[in-house]
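# Examination of the molecular architecture
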Amino acid sequence: RVFDPVAGGEALVVLVGHTDQVYALTAFEDPATGEPRLVSGSEDNTARVWNPAANGAAIEAEPEGHSDDVGALVTFVEPATGVLRVATGSNDIRVWDTETGDVLLVIKEGASALAFFTDPATG
């Protein structure tokens, strides 16, 4: 659920789709449309992209392959292309395309927290 703390905690949107607890959630602006999006990671071993402006409808971007809880998320714009990417972590780290759900990179290292920064030396 997405709550409005200013209006007394009323639920604005109910996100329906995960079959277990959500462990990670982050918000970002879709660079193509400027609209808000959410990405969630769950104990059901999935990550999903949501459109809160469309009453929480899930967008067709659910990367496959996680074998454990998705408990870490980070969004970033790929410096070379300007394309938005998401990295999710569980028993491995997966970088994926937010529009298609295609997995672009798998790092065989578990993660419970993720961050992104641009290296000033390499851009």
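Summary of the structure given here. In every chain, residue numbers begin from 1 and rise along the written sequence. Under the rules for a predicted model, residues below a pLDDT of 70 receive no local features and side-chain atom pairs below 80 are neither given nor counted, while totals for whole chains, interfaces and linings still include all residues. Water and hydrogen atoms were dropped before computing side-chain values, which therefore reflect all heavy atoms in the structure.

With that settled, the discussion passes to the pairing of strand E9 (residues 93–97). Relative accessible area decides the class of each residue, using a 1.4 Å probe on protein chains only: under 20% of the type maximum gives buried, over 50% gives exposed, and in between gives partly exposed. We count a stretch as a helix when DSSP gives it H or I for four or more residues in a row; a strand needs E for two or more, and each element gets its number in order from the N terminus. Burial runs high along E9: five of the five residues are buried. Taking every second residue as pointing to the same face, both faces of E9 are buried, with Ile 93, Val 95 and Asp 97 on one and Arg 94 and Trp 96 on the other. When DSSP locates at least two bridges between a pair of strands, those strands are taken to pair. Sheet topology note: the strand E8 (residues 84–89)/E9 ladder contains five bridges and is antiparallel. If you follow Gly 89 over to E9, its bridge partner there is Ile 93. The turn linking E8 back onto E9 is made up of three residues. Summarising the sheet, E9 and strand E10 (residues 103–107) pair through four bridges and their orientation is antiparallel. The residue bridging Arg 94 from the neighbouring strand is Val 106, located in E10. The antiparallel hairpin formed by E9 and E10 contains five residues in its connecting segment, where Gly 101 sits at a positive phi of about 85 degrees.

Let's shift gears to the layout of surface pockets. Points on a 1 Å grid over protein atoms alone make up a cavity when a 1.4 Å probe fits among them but cannot get out, and a pocket when they form an open set with protein on both sides within 12 Å along at least five of seven lines; lining residues each have an atom within 4 Å of a point. Grid points are joined across faces, edges and corners, and a volume is the space filled by probe spheres set on the points. Here the largest pocket defines a volume of roughly 150 Å³. Class assignment of the residues belonging to the lining of the largest pocket gives a composition of five nonpolar, two polar and one charged. Throughout, the ten residues Ala, Val, Leu, Ile, Met, Phe, Trp, Tyr, Cys and Pro are labelled nonpolar, Asp, Glu, Lys and Arg are labelled charged, and all others, Gly among them, are labelled polar.

Before going further, it helps to examine the sheet that holds strand E6 (residues 57–59). Sheet architecture is open: four strands sit in the order E3-E4-E5-E6, paired in antiparallel fashion. One side of each edge strand has no neighbouring strand; the edge strands of this open sheet are strand E3 (22–29) and E6. Averaged over all pairs of adjacent strands, the angle between strand axes in this sheet comes to 35 degrees, irrespective of strand direction. When strand E5 (residues 47–51) meets E6, the two strands line up antiparallel, connected through three bridges. Bridge pairing in E6 links Val 49 to Ile 59. Note on geometry: axes are C-alpha line fits, over the in-contact stretch for helices, and angles between N-to-C directions span 0 to 180 degrees.

With that settled, consider the nonpolar core. Across soluble globular proteins, nonpolar side chains have a tendency to be buried as a group. Counting residues in each nonpolar core, the largest one holds 10 residues, listed as Ala 24, Phe 28, Val 39, Ala 47, Val 49, Val 70, Leu 73, Leu 84, Val 86 and Trp 96. Those elements that provide at least two residues to this core are E3, E5 and E8. Contact between two residues is taken to exist if any of their heavy atoms lie within 4.5 Å; hydrogens are not considered. For Phe 28, the contacting residues outside a window of four places in its chain are Glu 35, Pro 36, Arg 37, Leu 38, Val 39, Val 49, Thr 75, Leu 84 and Thr 98. We define a nonpolar core as any set of buried Ala, Val, Leu, Ile, Met, Phe, Trp, Tyr and Cys residues linked to one another through side-chain atoms lying within 4.5 Å. Among the nonpolar cores identified, the runner-up in size contains six residues, and Val 74, Ala 87, Ile 93 and Val 95 belong to it.

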